[in-house]
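Summary of structural features
Here's the letter readout for the chains.
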Protein chains: 2
Amino acid sequence: MPDHRPVPSAATDLPVLRDPAGLPALPPIAEPGQPWQAIDTPALVLELDAFERNLQRMQQAADRAGVALRPHAKAHKCPDIALAQMTRGAVGICCQKVSEALPFLRAGVADVHISNEIAGPAKATLLARMARHARISVCVDAVVQVRALAEAAEREQSGLTVLVELDIGQGRCGVADADAALRLAERIAAQPRLSFGGLQAYHGGIQHVRDHAARREAAARAAERAGAVAARLAAAGAPCQVVTGGGSGSVEFDLASGVFTEIQPGSYVFMDGDYGSNARGDDGAAEALRFEHSLFIATTVMSTAAQGQVVVDAGLKSMAVDSGLPWVWERNGGQRNGVDHNSGERSGGERSGGQRNGGTRSTRLAYVAANDEHGIVRPVPGAGGEVPALPQLGEPLWLVPGHCDPTLNLYDTLVGVRDGKVESLWPISARGLSR
Amino acid sequence: MPDHRPVPSAATDLPVLRDPAGLPALPPIAEPGQPWQAIDTPALVLELDAFERNLQRMQQAADRAGVALRPHAKAHKCPDIALAQMTRGAVGICCQKVSEALPFLRAGVADVHISNEIAGPAKATLLARMARHARISVCVDAVVQVRALAEAAEREQSGLTVLVELDIGQGRCGVADADAALRLAERIAAQPRLSFGGLQAYHGGIQHVRDHAARREAAARAAERAGAVAARLAAAGAPCQVVTGGGSGSVEFDLASGVFTEIQPGSYVFMDGDYGSNARGDDGAAEALRFEHSLFIATTVMSTAAQGQVVVDAGLKSMAVDSGLPWVWERNGGQRNGVDHNSGERSGGERSGGQRNGGTRSTRLAYVAANDEHGIVRPVPGAGGEVPALPQLGEPLWLVPGHCDPTLNLYDTLVGVRDGKVESLWPISARGLSR
């Protein structure tokens with residue numbers, strides 16, 4: 001056999017590389033046309049049919065309600081997805097951070113709302129610089145922020161639209177009441193390079209209220225609060241061109257509220273374990289907004305040495321676990337690798353575990369623990385106590401992440417799959433851009 | 001004021017960019033020589049003095065014990081750090097995934113152990129290709145893995161060192177006993193392009209046993225198990241050149257065990273909230289291994305609109321929370337921005353909250369909730385009920401992440417700081433390389 005020991009370096013005693021110029025490159029994670037089983041893992045996979053149905057459903061619902069759709073790009077961080085949303089009728093996108101907007105501008109998205117306050121002159125300068133090229137809006141909840149934006153816009157000779165963020169119950173950012181909102185609106189309007197754009201009113205907590213009626217009630221209270229403040233501003237001579245807010249969990253109520261002129265949902269594109277655990281209503285509106293799981297983590301069984309479990313190659317570095325561990329997914333109603341492992345029973349009833357393309361949350365396998373680069377998958381005994389068979393060493397599995405946004409933020413590429421074949425490789429260009 | 005509305009495009013009705021060629025680039029996160037307060041946030045910061053002391057302490061402890069140090073690069077994913085470790089005497093590095101090793105090879109690290117099993121021919125091929133340039137070893141716990149490695153090495157005309165992973169109580173990967181280990185060792189030795197390298201015996205669970213005596217006891221039991229299997233293999237004619245394992249939480253016991261020829265700690269470089277919560281012993285060995293917090297998330301207060309809290313700009317996309325929320329850190333004994341906010345009292349007693357360079361875990365501020373891009377920081381009332389003052393809008397804060405490894409995996413750059421000034425900007429080149 002050839003000598004594969006490193007060559008000792010006389011100078012340092014450290015081993016040195018043989019032929020460093022010939023080092024291999026990392027092969028692509030997949031090639032268009034390959035079957036889904038050939039995707040190298042861990043990988044982030046988008047089922048394109050379900051994804052496109054999700055885009056279509058949200059746009060149609062917004063159109064029917066006469067409300068503008070400005071999807072949140074913090075969910076996907078992917079310019080290809082933003083362009084797919086805008087082609088279908090979205091008026092622009094939201095970003096949560098200034099730096100996050102850059103790859104979208106570079107891809108041609110010319111209308112970006114930063115749905116957040118910003119701190120520090122560096123961020124204000126970058127924002128004002130971006131506003132020389134595109135329509136840029138941003139939120140404030142303090143006078144000092146208005147001043148920083150005005151100074152930056154003056155320095156960069158550009159103009160910014162500024163919305164006042166209103167706290168409608170989340171208790172995070174935003175002014176508390178109409179008086180404070182009016183004071184800020186007046187400060188904005190007094191600045192020659194700023195224009196007052198209206199209100200942002202978002203309540204993240206409502207998005208994950210599990211019970212449908214309770215979620216409707218919470219959304220109604222929040223919208224009422226926003227509506228009252230908007231009315232007060234209008235009466236005081238500062239009308240809101242835009243009242244923006246809402247998320248994937250509350251959008252059916254926000255669209256019907258008569259308060260919001262614009263909704264900013266993000267996760268509907270993908271759904272995730274957390275949103276998938278929300279109960280849906282049973283009326284036509286809920287059915288029209290039945291979003292499907294389109295986002296998956298492709299993983300591979302890498303060890304079967306321990307009894308009663310398998311170890312897969314996707315752990316904490318391949319998924320966010322802040323909203324719970326991922327679900328195991330059965331593609332096509334349990335058909336995996338051509339073998340029917342599943343009874344065909346769908347989990348969750350009214351919940352979104354089921355899917356039009358036939359996939360479903362597994363009732364026989366559960367992902368029970370995540371280490372940095374390992375996940376433990378165990379069988380879930382059936383009602384009669386029978387223990388399902390475990391997948392084999394080398395077998396691929398798909399997972400539904402618990403929380404899509406921070407999971408996207410771990411990957412550089414989104415692998416698009418249609419009819420079981422790789423179709424697209426989309427860069428997640430805004431990954432890591434949290435400044 | 002200039003018109004900053006987007007130009008409508010006649011063809012699509014979508015707004016299009018004005019002057020797309022002039023779009024701004026993202027400015028660097030910091031410039032060498034700047035004061036720490038000028039770092040754009042969120043940013044991952046390394047206190048270089050504490051970092052270098054940590055490297056030194058671990059290397060000296062390994063040298064004193066006559067045990068090889070092979071630090072785990074999954075913790076830092078940063079070639080600059082790997083080279084700093086090897087310059088001080090490390091024999092090579094560990095990686096947890098095949099793709100993760102590539103940036104280290106490219107930087108000149110010529111001895112890499114993949115401390116994990118791998119699945120699929122693509123990974124085996126890449127590994128065997130890497131072995132044409134460097135000394136590469138890898139773990140197995142099944143015969144099929146041995147066969148895949150042998151075939152890949154034959155295809156690529158290279159040689160691989162293969163270690164048998166032994167489960168010493170973690171219940172994750174690894175064979176259960178000496179018989180299974182011996183069978184695999186013989187299969188490895190029978191392959192012309194593979195050589196049997198010995199045992200890997202790692203128990204992640206032990207690393208975070210809080211009580212010092214309990215941790216010592218658990219580490220002793222695990223080492224005993226590894227020692228017994230190594231003896232059995234030697235007696236059967238398959239001596240272990242290497243018995244590798246151990247982590248930052250157990251290394252003081254592993255070094256003294258007489259079983260491990262090599263240790264593979266990773267987190268000692270940084271420490272994190274989780275390791276910082278381990279109780280230390282009070283003998284000389286424990287003092288010699290007193291690692292300091294060197295890794296911080298720099299964040300900025302971005303909203304103070306709500307009463308009784310501030311909102312900072314680092315959330316789930318800037319930190320892993322699987323092992324708990326971050327601590328707020330008081331730099332230099334509570335001197336922040338030149339103002340002494342702190343009583344000087346150190347938290348945690350025997351724990352590692354205190355630090356030789358004067359920083360300490362805050363006793364007056366707590367990071368209590370993380371959203372995607374927001375963190376909520378609240379005051380911690382003192383023993384007498386007094387409520388500490390909150391930081392102001394725009395003020396920088398440092399956090400100690402709960403779990404360093406997956407936090408590193410979120411950032412592209414590690415900002416090195418010494419004496420309050422930016423010194424280095426190190427690329428985290430293996431970020432995202434989980435394949």
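Residues numbered from 1 in each chain as written. Chains lettered and ligands numbered in written order. Predicted model: local features only at pLDDT ≥ 70, side-chain atom pairs only at ≥ 80, totals over all residues. Heavy atoms only, no water.

With respect to the interface of chain A and chain B
Contacts between the two partners involve 96 residues from chain A, matched on the other side by 97 residues from chain B. With both sides pooled, the region where chain A packs onto chain B buries about 7700 Å², and carbon together with sulfur makes up 58% of that total. Three residues stand out in chain A for area buried against chain B, namely His133, Arg172 and Arg435 of chain A, and they jointly supply 11% of the buried area on that side. The tally of links from chain A across to chain B stands at 10 salt bridges. Counting only elements with at least two residues in the side of chain A that touches chain B, the list comes to β2 (15–16), α3 (98–106), α4 (121–130), α5 (143–156), β8 (160–165), β12 (295–303) and α11 (404–408) of chain A. Looking at the side of chain A that touches chain B element by element, the count peaks at five residues for α3 of chain A. Its residues assigned to classes, the side of chain A that touches chain B shows 43 nonpolar, 27 polar and 26 charged. (Contact = heavy atoms within 4.5 Å. Buried area = accessible area lost by both parts, 1.4 Å probe. Salt bridge = Lys/Arg side-chain N within 4 Å of Asp/Glu carboxyl O. Helix = DSSP H or I, 4+ residues; strand = E, 2+ residues; numbered from the N terminus. Nonpolar A, V, L, I, M, F, W, Y, C, P; charged D, E, K, R; others polar.)

What to know about the packing of helix α1 (residues 48–65) of chain B against helix α2 (residues 79–87) of chain B
Residue and element names in this part refer to chain B. Two numbers describe how α1 lies on α2: the axes approach to 10 Å, and their chain directions differ by 40°. Judged on the interaxial angle alone, α2 and α1 are oblique. Handedness of the crossing formed by α1 with α2: right-handed. Along the contact surface, α1 presents Phe51, Leu55 and Gln59, while α2 presents Ile81, Ala84 and Gln85. By residue class, the composition of the contact of α1 with α2 is four nonpolar, two polar and no charged. (Axes fitted to C-alpha atoms, helices over the stretch in contact; angles between N-to-C directions. Parallel < 35°, antiparallel > 145°, perpendicular 65-115°, else oblique. Left-handed = near helix turned anticlockwise from the far one by under 90°.)

Let's talk about the environment of alanine 201 of chain A
All names here are of chain A. Along the chain, alanine 201 falls in strand β9 (residues 194–201). Here alanine 201 falls in the buried class, since its relative accessible area comes to 1%. Counting along the chain gives 39 residues from alanine 201 to cysteine 240, while the straight-line C-alpha distance between them is 12 Å. Every residue in contact with alanine 201, bar those within four places of it in the chain, is listed here: Leu166, Ile168, Ala226, Thr244, Gly245, Gly246 and Phe260. (Buried < 20%, exposed > 50% of the residue type's maximum accessible area, 1.4 Å probe, protein only.)

Some thoughts on the domain arrangement of chain A
Residues and elements named next belong to chain A. Parsing chain A into structural domains produces domain 1 (36–45 + 292–427) and domain 2 (49–269). Centre-to-centre separation of domain 1 and domain 2, based on C-alpha positions: 34 Å. Each side of the interface is counted separately: domain 1 has 15 residues, and domain 2 has 17 residues. Carbon and sulfur atoms supply 44% of the area that domain 1 and domain 2 bury against each other, a total of about 1400 Å² over both sides. Broken down residue by residue, the surface that domain 1 buries against domain 2 is led by Glu292, Asp405 and Trp426, which jointly contribute 39%. Inspection of the domain 1/domain 2 interface yields five salt bridges. Across the pair arginine 57 and glutamate 292 runs a salt bridge, and its minimum N-O distance is 2.8 Å. For the pair domain 1 and domain 2, the interface holds eight residue pairs in polar contact (both at pLDDT 80 or more). Going through the elements one at a time, α11, β21 (413–418) and β22 (421–427) are the ones with two or more residues in the side of domain 1 that touches domain 2. (Domains from an automatic or database assignment. Polar contact = N/O pair within 3.5 Å; in protein donor to acceptor, adjacent residues only side chain to side chain.)

Structural notes on the environment of arginine 187 of chain A
Residue and element names in this part refer to chain A. Its location among the elements puts arginine 187 in helix α6 (residues 178–189). Taking the C-alpha atoms as reference, arginine 187 lies 52 Å from threonine 41; in sequence the two are 146 residues apart. Among all residues touching arginine 187, those that are not within four sequence positions of it are Val143, Val146 and Arg147.

Focus on the pattern of salt bridges
Residues and elements named next belong to chain B. Overall, the coordinates contain 46 salt bridges over all chains when judged by the stated rule. Lysine 77 is paired through a salt bridge with glutamate 100; the nearest N and O atoms lie 2.8 Å apart. Of this pair, lysine 77 sits in the loop between β4 (68–69) and α2 while glutamate 100 sits in helix α3 (residues 98–106), placing them 23 residues apart in sequence. In this structure glutamate 100 comes out as buried when scored by relative accessible area, which is 0%. As a salt-bridge pair, arginine 193 and glutamate 154 come within 2.9 Å of each other at their nearest N and O atoms. One end of the pair, arginine 193, is in the loop between α6 (178–189) and β9 (194–201); the other, glutamate 154, is in helix α5 (residues 143–156), with 39 residues separating them in the sequence.

Considering the relation of the copies chain A and chain B
With an axial shift of 0.0 Å and an RMSD of 0.0 Å, the rotation relating chain A to chain B amounts to 180°. The operation mapping one copy onto its partner corresponds to a two-fold rotation axis. A shared binding surface is used by both copies, with 100% of the interface residues of chain A retained as interface residues in chain B. (Least-squares fit on C-alpha atoms with pLDDT ≥ 70 in both.)

Focus: the side chain of serine 115 of chain A
Residue placement: serine 115 of chain A occurs in the loop between β6 (111–114) and α4. Discounting chain neighbours no more than four positions away, the residues touching serine 115 of chain A are His72, Cys94, Cys95, Gln96, Cys139, Gln200 and Gln264 of chain A.

Description of the environment of cysteine 78 of chain A
All names here are of chain A. Note that cysteine 78 resides in the loop between β4 (68–69) and α2 (79–87). It is 4.5 Å that separates the C-alpha atoms of cysteine 78 and isoleucine 428, two residues lying 350 residues apart in sequence. What cysteine 78 contacts, discounting residues up to four positions off in sequence, is Phe104, Trp426 and Pro427.

Remarks on the pairing of strand β14 (residues 327–330) of chain A
Residues and elements named next belong to chain A. Alternating residues of β14 divide into Trp327 and Trp329 and Val328 and Glu330, and every residue in both groups is buried. Bridging between β14 and strand β20 (residues 396–400) involves three bridges; their strand directions are antiparallel. Across the sheet, residue tryptophan 327 finds its bridge partner in β20, namely valine 400. Both β14 and strand β17 (residues 360–361) contribute to a ladder of two bridges, which runs antiparallel. Within β17, the position partnered with tryptophan 329 by the bridge is arginine 361. (Pairing = 2+ DSSP bridges.)

Remarks on the sheet that holds strand β7 (residues 135–140) of chain B
All names here are of chain B. An order of β4-β11-β10-β9-β8-β7-β6-β5 is seen for the eight strands of this open sheet, with the pairing classed as parallel. With partners counted over all chains shown, the strands left at the sheet margins are β4 and β5 (93–95), one partner each. Direction of pairing for strand β10 (residues 242–245) relative to strand β11 (residues 262–263): parallel, over a ladder of two bridges. Across the sheet, residue glycine 245 finds its bridge partner in β11, namely isoleucine 263.

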